[in-house]
Protein chains: 2
Amino acid sequence: MFEAKFQTFDDTTSSDASAPRLAALRTELARRGLTGFVVPHADRHQSEYLTASEERLAWLSGFTGSAGTAIVMIGRAVLFVDGRYTLQSREQVDTSRFEIENIANTNPEQWIERTLSKSDVLGYDPWLHTVEGAERLAAACSNAGATVVALEDNPIDQVWHARPAPPVGPVTLHDIRYAGETAGTKLAQIRPEIARLKADALVVSDSHAVAWTFNIRGSDVTHTPLPLSFAVIPREGRPALFIDGRKLSNDVRHRLEELADVREPDSLNAELTALGAAGKTVRLDPRTGADALARLIKGAGGKATKGPDPVIALKAVKNAVEIEGARAAHLRDGAAVTRFLAWFEREAPSVRLTEIDAVMALETFRRETGALKDVSFPTISGAGPDGAIVHYRVTRKTNRAIAPGDLFLIDSGGQYLDGTTDITRTVIVGEPTPEMRDRFTRVLKGHIAIATAVFPDGATGAQLDPLARQALWRAGIDFDHGTGHGVGSYLSVHEGPASISKLGTVALKPGMILSNEPGYYKTGSYGIRIENLVLVTHGPFVAGAEKQLNAFETLTLVPIDRRLIARKLLTSDEVAWLDAYHTRVRKALTPLVDADTAAWLEAATQPLE
Amino acid sequence: MFEAKFQTFDDTTSSDASAPRLAALRTELARRGLTGFVVPHADRHQSEYLTASEERLAWLSGFTGSAGTAIVMIGRAVLFVDGRYTLQSREQVDTSRFEIENIANTNPEQWIERTLSKSDVLGYDPWLHTVEGAERLAAACSNAGATVVALEDNPIDQVWHARPAPPVGPVTLHDIRYAGETAGTKLAQIRPEIARLKADALVVSDSHAVAWTFNIRGSDVTHTPLPLSFAVIPREGRPALFIDGRKLSNDVRHRLEELADVREPDSLNAELTALGAAGKTVRLDPRTGADALARLIKGAGGKATKGPDPVIALKAVKNAVEIEGARAAHLRDGAAVTRFLAWFEREAPSVRLTEIDAVMALETFRRETGALKDVSFPTISGAGPDGAIVHYRVTRKTNRAIAPGDLFLIDSGGQYLDGTTDITRTVIVGEPTPEMRDRFTRVLKGHIAIATAVFPDGATGAQLDPLARQALWRAGIDFDHGTGHGVGSYLSVHEGPASISKLGTVALKPGMILSNEPGYYKTGSYGIRIENLVLVTHGPFVAGAEKQLNAFETLTLVPIDRRLIARKLLTSDEVAWLDAYHTRVRKALTPLVDADTAAWLEAATQPLE
């Protein structure tokens, strides 16, 4: 009845092969005179989701998280992960061969400083490290007295037999009805930025930025409609797009060639070398651009100036068409998720639903909208203790039956032509404990604090993040991830440059879409997260205001489980927000759902007592 | 009757001489083949308060703020200041010769990137720029295609005739009754840190850190009991203290020589060169250490590893004796400030008091405690529009009579052997307007939000700063400075590494003392700031807490003007905090003040209606 077409539940990884693979890699390192090698979770574009051909870290260690780095020395190996992945990494990795470090305690650079010595020669692949990352690596090695070497080719590729071929997913043009602006208009916005930055050309190394600029979408990467590609945009003259020609139909190629030279990826090296040899100044984003790009430009005699890629900032601010698309996508997606929640509440007490059942049902409801292109990431479906694993991915092995008394956390999203969604709801099966109610309500208070925040133009996500934590801090608890990330428009569900987190130093601008997702995780017991997407908007107008004020419009439209709320912990303003939100959800969704779901929705959106 | 002994009201600066001085500097630059030169507000130790001999920026431009940088090119000159100094700089500087830039809009590096070209050669004095500052300068010049040159000597010193001699203020030993720990104990804490950092030696370039380590105080700098000095602390063996011998009595010298070699500042170069030549790894704080220090070490073949000076972190966490000292100093200081406020309220309506009268009275009351060693900074005494100038310093020329209806802001502090204080109160003369009440109450709400904050161990000042702004943001207003800075123990009133500000990325630890000083400034009308010092403390204990929680204990004990409070804007929790604070203030101070002041205090600390 239900089926998942866009995600699998296989254990795609195992650490069984770690021992021989580590041994083979160490032999290769020794052959090259290296005493160590850095293995990041990265490709040449710093994509979040890697193609199978780029999964070197998973191949070596078994770890499949979306972020992590291993350092393999001759005598030991260490895997560095962030707070999201400390549990998962211990389960996936052979800890007799890999030490695990939480980067909040020791990051790779600190480890290098403390551990390496003068006799060490540490290699890295300059295509897989950003300019800044390579600088940090070099500084750490220098501080340790060790030598660092940028390698011509990746030693893992030498020992990885049966490495998959890179993908050649077909490219489509992203229709102006969804993109809102032509590629020509976008290039006309980018060129003055290049001039303002006093550069002769811009290297666009982030495939998302390339896709946005040229209004193309692809299918190289799971869950993100991304064609892996580079672009070089000169201040004047035709841009060049570097993309595997097998991805392009004749029609797409002709349309692209109206604006740009279309070349094979191999010719990027020649292009950068030519720019360098001509003494050109080339702008490169040191946070996303590969160290190898800067080396090519500088090696040929050019200048690589470092600073944010202006395309990233332009892309983050959605235009009016994209915003209308996001609203439409959230309405459609909200109806599907609400149908799921109604089904779940009906079925869960009687049938022993599993986490996988839930994923399949939710994906099916989304597919039945007729508009789903893909899920926007692998659904996190965690019952009881699985909910405490922040980036849990259910497999047939971990699949758990959802039992009465369980908190059930489900974090999912859809890719639609008009927008990308991302929503988390946490619901109770049966009766919650008072502790669950207390924790859920504190998470909700944080969620409402963000939803109702008012902040002056120029305020950053770092300045909002603490608001989401106040009610948790008062109880001596917290969550070990940011409060929100940027979201693309039929692009990546995790998009820069803005975020609501300690590291979110970019100003939030009207038109940006971010997630609002505080949580609480009790290891071994349960996880709670409440996530809506929000749009940064102008306003409110306040008499006597000296600053332009901004605020958030909540885009996601799905009920929040009222059974989990401890009413007495909420202020009257917070109750008013929740009741108004539920009224809005009911009015918006009722016309879109079946009768059973409508009845459930009616009950689920009643005002709090 | 009243007198200021520790501060003056002269116009110590004028921009009249800017034209010939700029011309002389430009001639000198041209002679050296430079097209530009950077003039920071800095000395070799990155001290905040400069000795007269180091006031190059004021000598050249007339600008006397505590932070700023000029860039002098052949054809133009620009002064970069932060938000505190945009008004003051326009008043002090000849704006026909210096353009003024707010660094929030354009910082020097951005200006360099945009303005300089390949033909430019920009010089800087590597003793006056930190390692990080010099790196940023070099990157900006590189991005602009310009050349940057570290100069052997400072061109301003060549053209500054009658430049004052450096000070040789006598050094005293800071008694263990105030310091709480011997220099030997402190060195025993520092050495393991050097080992942990894998360094052979640590260069202590910040004179405050040297003073803390060796328990010495001095009088080279106004308002900070600081002997300008460097130290080199090896992982093993005797440390070396580099200090002008004329500052040392025989007794002090002998006591210091029990622990360290005492050498002349000139011999620092030889020491660093020797460490470098021996291939040693020397730790240097790139945020405070001069670029010249790193150049000396590296030039001789050594390694300069960059990272926070561990002494700064040790110094920031006050020991039990320092904390008791701080409480005693604040009690004493609170009595003096309260005596001032009572006097002010008595006198202001009938006598036409001026801003200078207020400064002299307050300093006199502080001196009459018998314990005042100095004021901790020049008192900011601003009536009406002068209060809106964030770092206003009253002079005979600007001195304003305080009129009925004026808001009066007074920010001041004392240096006592047992502690350093810093307090701002804003009071009304006569009747406030409703707008003043609204603004004052919003500032107070921010102040209370910080005073009552509860946060997990590891939380940073950046995570608390937004709490101080929420009530202001709701009204479309804000303040253009951080919420709080660290404070030393009979040392600098501005102390790193922690701060409550956007840039406060250092974790707040129990034992740190910081200011809590949100404000609001209406240009041309009035300024409001409410500042107490707070101590980071352990606690509270909360059942079910998973994190160690920390909170603040307010140290400052002086009433807050109840006449300026719009009661209806406060929550009941906020009213409870204020009433409890006032009760505490009344009980603590009544035994310490005269009858008139006690009567005033009684009235001023009554609960809100």
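The rules behind the values
Residues numbered from 1 in each chain as written. Chains lettered and ligands numbered in written order. Predicted model: local features only at pLDDT ≥ 70, side-chain atom pairs only at ≥ 80, totals over all residues. Heavy atoms only, no water. Pairing = 2+ DSSP bridges. Helix = DSSP H or I, 4+ residues; strand = E, 2+ residues; numbered from the N terminus. Contact = heavy atoms within 4.5 Å. Axes fitted to C-alpha atoms, helices over the stretch in contact; angles between N-to-C directions. Buried < 20%, exposed > 50% of the residue type's maximum accessible area, 1.4 Å probe, protein only. pLDDT = per-residue confidence, 0-100. Parallel < 35°, antiparallel > 145°, perpendicular 65-115°, else oblique. Nonpolar A, V, L, I, M, F, W, Y, C, P; charged D, E, K, R; others polar. Phe/Tyr/Trp six-rings, centres within 6.5 Å; stacked < 30°, edge-to-face > 60°. Lys NZ or Arg CZ within 6 Å of the ring centre and 35° of its normal. Least-squares fit on C-alpha atoms with pLDDT ≥ 70 in both. Buried area = accessible area lost by both parts, 1.4 Å probe. Polar contact = N/O pair within 3.5 Å; in protein donor to acceptor, adjacent residues only side chain to side chain.

Notes on the sheet that holds strand E15 (residues 374–375) of chain B
Residue and element names in this part refer to chain B.
Stage number 1. Spatial strand order, E15-E18-E19: three strands in an open sheet with antiparallel pairing. This sheet does not close on itself; its edge strands, each paired only once, are E15 and strand E19 (419–420).
Stage number 2. In the packing of helix H14 (residues 320–347) onto the sheet, contacts are made with strand E18 (414–416) and E19, and the angle to E18 comes to roughly 135°.

Considering unusual backbone geometry
For residues that are not glycine, phi is negative in most cases, and the peptide bond is trans in most cases.
Stage number 1. Residue Pro540 of chain A is reached from Gly539 of chain A by a cis peptide bond, and omega for that bond is 0°.
Stage number 2. Following the sequence through the fold, Pro540 of chain A ends up in the loop between strand E27 (532–538) and strand E28 (549–554).
Stage number 3. Following Gly496 of chain B, the chain continues into Pro497 of chain B via a peptide bond in cis, with omega recorded as 0°.
Stage number 4. Phi is positive for Lys198 of chain A, close to 60°, though the residue is something other than glycine.
Stage number 5. As for its position among the elements, Lys198 of chain A is in the loop between helix H8 (183–196) and strand E8 (201–204).
Stage number 6. For Lys198 of chain A, a relative accessible area of 32% puts it in the partly exposed group.

A short note on the pairing of strand E26 (residues 526–529) of chain B
Residues and elements named next belong to chain B.
Stage number 1. Residues Tyr526 and Ile528 point to one face of E26 and Gly527 and Arg529 to the other, with burial holding for every one of them.
Stage number 2. Strand direction decides the pairing type here: strand E25 (residues 519–522) and E26, joined by four bridges, are antiparallel. Along E26, the bridge assignment pairs Tyr521 with Gly527.
Stage number 3. Between the antiparallel neighbours E25 and E26 lie three residues, among them Gly524 with a positive phi of about 85°.

Examining the confidence of the model for chain A
Stage number 1. Summarising the model, chain A shows a mean pLDDT of 95, and 100% of its residues fall at 70 or more.
Stage number 2. The ipTM value of the predicted complex is 0.91, and its pTM value is 0.92.

Quick notes on the packing of helix H16 (residues 434–451) of chain B against helix H19 (residues 572–589) of chain B
Working note: a packed helix pair is described by the angle between its axes plus the distance between those axes.
Residues and elements named next belong to chain B.
Stage number 1. Viewed as axis vectors pointing N to C, H16 and H19 meet at an angle of 80°, and their least axial separation amounts to 10 Å. Taken as axis vectors, H16 and H19 run roughly perpendicular relative to one another. Counted together, Leu444, Lys445, His447, Ile448 and Ala451 of H16 and Glu574, Trp577 and Leu578 of H19 form the full contact between these two elements.
Stage number 2. A per-class count over the contact of H16 with H19 returns five nonpolar, one polar and two charged.

With respect to the packing of aromatic side chains
Stage number 1. A complete count under the given rule lists 26 aromatic pairs over all chains for this structure.
Stage number 2. Where Trp343 of chain B meets Phe365 of chain B, the ring centres are 6.2 Å apart and the plane angle is 75°; that geometry is what we call edge-to-face. Separated by 22 residues along the polypeptide, Trp343 of chain B in helix H14 and Phe365 of chain B in helix H15 (residues 355–367) bring together distant segments of the chain.
Stage number 3. What makes Phe365 of chain B buried here is its relative accessible area of 5%.
Stage number 4. Here a set of aromatic residues connected by ring pairs shows up, and it is made of Phe2, Phe340, Trp343, Phe344, Phe365 and Phe408 of chain A.
Stage number 5. Sitting over the face of the ring of Tyr520 of chain A, Arg439 of chain A holds its NZ or CZ atom 5.6 Å from the ring centroid.
Stage number 6. Over the ring of Phe479 of chain B we find Arg469 of chain B, and its NZ or CZ is 3.9 Å from the ring centre.

What to know about the relation of the copies chain A and chain B
Stage number 1. Turning chain A through 180° and shifting it by 0.1 Å along the axis lays it on chain B, with an RMSD of 0.0 Å. Between the two chains, the operation in question is that of a two-fold axis.

Digging into the interface of chain A and chain B
Stage number 1. Listed by partner, the interface residues are 44 residues for chain A and 44 residues for chain B.
Stage number 2. Buried surface at the junction of chain A and chain B, both sides included, amounts to about 3400 Å², of which 48% is carbon and sulfur.
Stage number 3. The interface formed by chain A and chain B contains 12 residue pairs in polar contact (both at pLDDT 80 or more).
Stage number 4. Ranked by residue count, the leading element in the side of chain A that touches chain B is strand E14 (residues 303–306) of chain A, at four residues.
Stage number 5. Considering only residue class, the side of chain A that touches chain B consists of 18 nonpolar, 11 polar and 15 charged.

Looking at the side chain of Arg366 of chain B
Residue and element names in this part refer to chain B.
Stage number 1. Here Arg366 lies in helix H15.
Stage number 2. On the basis of relative accessible area, Arg366 is assigned to the buried category, the value being 1%.
Stage number 3. Residues in contact with Arg366, not counting those within four places in the same chain, are Asp333, Ala336, Val337, Leu372, Ser412, Gly413, Gly414, Tyr416, Thr421 and Ile423.

Notes on the packing of H8 of chain A against helix H9 (residues 207–214) of chain A
All names here are of chain A.
Stage number 1. Close contact between H8 and H9 brings their axes to 7 Å; oriented N to C, the two are set at 120°. If you check the angle between H8 and H9, you find them oblique. Residues Ala183, Lys186, Leu187 and Ile190 of H8 form the contact with H9, whose own contacting residues are Trp212, Thr213 and Phe214.
Stage number 2. Classifying every residue of the contact of H8 with H9 gives five nonpolar, one polar and one charged.

So, the sheet that holds strand E16 (residues 380–383) of chain B
Residue and element names in this part refer to chain B.
Stage number 1. Strands sit in the order E16-E17-E20 across an open sheet of three strands; the sheet is antiparallel. The outermost strands of the open sheet, each flanked by one partner alone, are E16 and strand E20 (423–428). When the angles between neighbouring strand axes are averaged without regard to direction, this sheet yields 10°.
Stage number 2. For E16 and strand E17 (residues 407–412), the ladder comprises four bridges, and the chain directions are antiparallel.

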